[in-house]
Amino acid sequence: MTHTPATVAVGHKGGRRADDFARHAIVGLSLVIGVLTLAMDELAMPAWTWSATLAVWFAATNLSVSRLPGRTGQLLLYGCAVLTSWVLLMTVSSSGSMAVTLLIVIAAMGTYLMPMGWVLCVVVLNCAVTSAYAWSAGADLVKTIASGVFYLIVHLAVVSTAYAMSREALLRAEMEQKTLELEAAGVLLEDSAASSERLRISRELHDSLGHQLTVLNLELAAAQHRLEKEAAQHGEGPAVLEHLRRAGGMAKDVLADVRSTVGELRVPSQADVQQDLERLARAVPSLEIHVEVDAEVEADEERSTVLVRVAQEIITNTLKHAGAAELALTVKLEDGTLTLTGINDGTTPGSITMGNGLTGLKERLKPFGGHLTIRTTPQFTVEARLPATHDRRLQK
């Protein structure tokens, strides 16, 4: 019989996208200001050339704060955005007050890409460009210095706010990773504690109640044998003998039940994989994590530990590198093989670097005869496979 797996979505879909939306909204607002500058100010170059430069600035700024081009590409695009913002300001023939907004925005975006020291260098260069623009527009020395100081103050205020927001986002991501580690440890500890408790109870039943029932059976058997012997000699006690036989039979049945219960308790418990993965997902509110586990999936404590650790590493990598908003975790049982698959909607890397986390997952799967597969197309996918039943020969 085929069971349809239930998909459970955990997290907030807009959590991670909110920060990206805020950054792109600021850039979009600046584009509007650029369009107004184009419409209202006099330009020192043809309107279509200035418009094309503004489009280049907009594209470079947006792409620089996305993970799509990679780290080197981000910095190159950011440098392009800085230079084009200077060109746009220097080619405005009137006051240029609106065009300065583009410089302020690009400085703020730098807090998401570079150390604060480099961002301050951009701020200083921007202020130098605004001062040069004021001087070229005919301002005297005092007004030129005042203009530079004013825009320096505005730059520092905006950059400080952007830096605080970027740090808050970074700290939130780090906190989620720590929370995920603690939740994974808690899940494994609870599963291990449950198995240990089952084993302890089975031992107590076997060592105390089981032994006492065994002694009781022996005593009843001895009493029954002695009473039968006396009844044969004196012809007495048939009613008492019948009660004793029934008591002996009940004691044997109780002992058999205790032994059966002990045997069941000693069988390794099957972890609730769906529940365990949902707990991990709830520890990361910025991601919407879809958990889908086939109804027929059963995993002992060892396999449950592997599945939890694989899911933890997939979620951690998604938080640190993908910039994703959604992640799908799927566990299936096919042809005696358990398969955990993680697919996110984030940026797909051009190449795969096997860090400590992914290398550790390979090492966890190896004793079970399992293997790890990573694909980058069409979406970044991590797939872990391991046999549903253990082959002891693999440990030799």
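Values in this document were obtained by computation on a predicted structure and should not be read as measured data. (Residues numbered from 1 in each chain as written. Predicted model: local features only at pLDDT ≥ 70, side-chain atom pairs only at ≥ 80, totals over all residues. Heavy atoms only, no water.)

**Looking at the overall build of the protein**
Here is step 1 of the chain: Counting its regular elements, the protein contains ten helices and six strands.
Here is step 2 of the chain: Counting only residues that meet the buried cut, the protein has 39% of its 396 residues in that class.
Here is step 3 of the chain: Put simply, of all contacts in the protein between residues at least 6 apart along the chain, 74% involve residues at least 24 apart.
Here is step 4 of the chain: Within the structure as shown, the protein displays about 21300 Å² of accessible surface, and the carbon and sulfur contribution to it stands at 62%. (Helix = DSSP H or I, 4+ residues; strand = E, 2+ residues; numbered from the N terminus. Buried < 20%, exposed > 50% of the residue type's maximum accessible area, 1.4 Å probe, protein only. Contact = heavy atoms within 4.5 Å. Areas by Shrake-Rupley, 256 points an atom, 1.4 Å probe, with all protein chains shown as cover.)

**Considerations on the side chain of Thr111**
Here is step 1 of the chain: For Thr111, the location among the structural elements is in the loop between α4 (100–109) and α5 (116–136).
Here is step 2 of the chain: One polar contact links the side chain of Thr111 to the main-chain carbonyl oxygen of Ala108, over a distance of 2.6 Å.
Here is step 3 of the chain: Not counting residues up to four positions away in its chain, the partners in contact with Thr111 are Met116, Val119, Val159, Ala162, Tyr163 and Ser166. (Polar contact = N/O pair within 3.5 Å; in protein donor to acceptor, adjacent residues only side chain to side chain.)

**Comments concerning the side chain of His155**
Here is step 1 of the chain: Note that His155 resides in helix α6 (residues 141–234).
Here is step 2 of the chain: A polar atom in the side chain of His155 sits 3.3 Å from the side chain of Asn126.
Here is step 3 of the chain: Among the polar contacts made by the side chain of His155, one reaches the main-chain carbonyl oxygen of Tyr151 at a distance of 2.8 Å.
Here is step 4 of the chain: Discounting residues that sit within four places of it in the chain, His155 has contacts with Leu103, Ile104, Ala107, Val123, Asn126 and Cys127.

**Concerning the pattern of salt bridges**
Here is step 1 of the chain: One pass over the full model with this rule turns up four salt bridges.
Here is step 2 of the chain: With a shortest N-O distance of 2.9 Å, Glu183 and Arg279 are connected by a salt bridge. A residue pair is termed long-range when its members are at least 10 positions apart, and Glu183 in helix α6 and Arg279 in helix α8 (residues 273–282) qualify at 96 residues.
Here is step 3 of the chain: A residue is classified by how much of its surface remains accessible, and Glu183, at 23% relative accessible area, is partly exposed.
Here is step 4 of the chain: Exposure remark for Arg279: the relative accessible area of 16% places this residue in the buried category.
Here is step 5 of the chain: Glu292 is the partner of Lys332 in a salt bridge, and the nearest nitrogen-oxygen pair spans 3.7 Å. (Salt bridge = Lys/Arg side-chain N within 4 Å of Asp/Glu carboxyl O.)

**Observations regarding the environment of Tyr78**
Here is step 1 of the chain: With respect to the element layout, Tyr78 can be found in helix α3 (residues 70–90).
Here is step 2 of the chain: The class for Tyr78 is buried, based on a relative accessible area of 3%.
Here is step 3 of the chain: C-alpha separation for the pair Tyr78 and Leu113, spaced 35 residues apart in sequence, amounts to 8.6 Å.

**Some words on the environment of Thr84**
Here is step 1 of the chain: On the secondary structure map, Thr84 appears in helix α3.
Here is step 2 of the chain: A C-alpha to C-alpha distance of 7.5 Å links Thr84 and Leu54, two positions 30 residues apart in sequence.
Here is step 3 of the chain: Ignoring sequence-local partners within four residues, the contact set of Thr84 consists of Thr53, Val56 and Trp57.

**Things to note about the nonpolar core**
Here is step 1 of the chain: The biggest cluster of nonpolar side chains holds 41 residues, and the ones touching the most others in it are Ile289 and Ile315.
Here is step 2 of the chain: Residue contributions to this core peak at nine residues, all from helix α9 (residues 301–322).
Here is step 3 of the chain: Tyr78, Val92, Met114 and Tyr151 belong to the second largest nonpolar core, which has 33 residues in total. (Core = buried A, V, L, I, M, F, W, Y, C linked by side-chain atoms within 4.5 Å.)

**Describing the pairing of strand β4 (residues 337–344)**
Where a strand is regular, its side chains alternate between the two sheet faces.
Here is step 1 of the chain: Here β4 lies mainly inside the structure; six of its eight residues are buried.
Here is step 2 of the chain: One ladder, built from eight bridges, connects strand β3 (residues 326–334) with β4; its direction is antiparallel. Paired with Leu333 across the two strands is Leu338, which belongs to β4.
Here is step 3 of the chain: Counted along the chain from β3 to the antiparallel partner β4, the turn is two residues long, and its residue Asp335 has a positive phi close to 55°.
Here is step 4 of the chain: The sheet contact formed by β4 and strand β6 (residues 381–387) spans seven bridges and is antiparallel. Across the sheet, the residue bridging to Gly342 is Val382, located in β6. (Pairing = 2+ DSSP bridges.)

**Some thoughts on a nonpolar patch on the surface**
Here is step 1 of the chain: On the surface, a cluster of nonpolar side chains totalling about 540 Å² of accessible area is made up of Trp135, Leu141, Ile145, Val149 and Ile153.
Here is step 2 of the chain: With four residues, α6 is the largest single contributor of residues to the nonpolar patch.
Here is step 3 of the chain: Assignment of secondary structure puts Leu141 in helix α6. (Patch = residues over 30% accessible without salt bridge, like charges linked within 9 Å, V, L, I, M, F, W, Y side chains within 5 Å.)

**What about unusual backbone geometry?**
In most cases, non-glycine residues show a negative phi, while peptide bonds are predominantly trans.
Here is step 1 of the chain: In this structure, Asp335 takes a positive phi of about 55° despite not being glycine.
Here is step 2 of the chain: Summarising the element assignment, Asp335 is placed in the loop between β3 and β4.
Here is step 3 of the chain: A residue is classified by how much of its surface remains accessible, and Asp335, at 82% relative accessible area, is exposed.

**A few points about the packing of α4 against α5**
Here is step 1 of the chain: Where α4 meets α5, the axes come as close as 9 Å, and the angle between the chain directions of the two elements is 170°. With respect to α5, the element α4 is oriented roughly antiparallel. Facing α4, whose interface residues are Val100, Leu103, Ile106 and Ala107, α5 presents Val119, Val122, Val123, Asn126, Val129 and Thr130.
Here is step 2 of the chain: For the contact of α4 with α5, the class distribution of residues is eight nonpolar, two polar and no charged. (Axes fitted to C-alpha atoms, helices over the stretch in contact; angles between N-to-C directions. Parallel < 35°, antiparallel > 145°, perpendicular 65-115°, else oblique. Nonpolar A, V, L, I, M, F, W, Y, C, P; charged D, E, K, R; others polar.)

**Focus on the confidence of the model for the protein**
Here is step 1 of the chain: Overall, the prediction assigns the protein a mean pLDDT of 76, with 68% of residues at 70 or greater.
Here is step 2 of the chain: Within the protein, no element has a lower average pLDDT than strand β1 (residues 6–10), which sits at 52, and none a higher one than α5, at 89.
Here is step 3 of the chain: Low pLDDT (under 50) marks residues 1–6, which in the prediction has nine contacts with non-local residues, meaning those over four places away or in another chain.
Here is step 4 of the chain: In this model residues 391–396 is a low-confidence stretch, pLDDT under 50, and it forms five contacts with partners more than four residues away in sequence or in other chains. (pLDDT = per-residue confidence, 0-100.)

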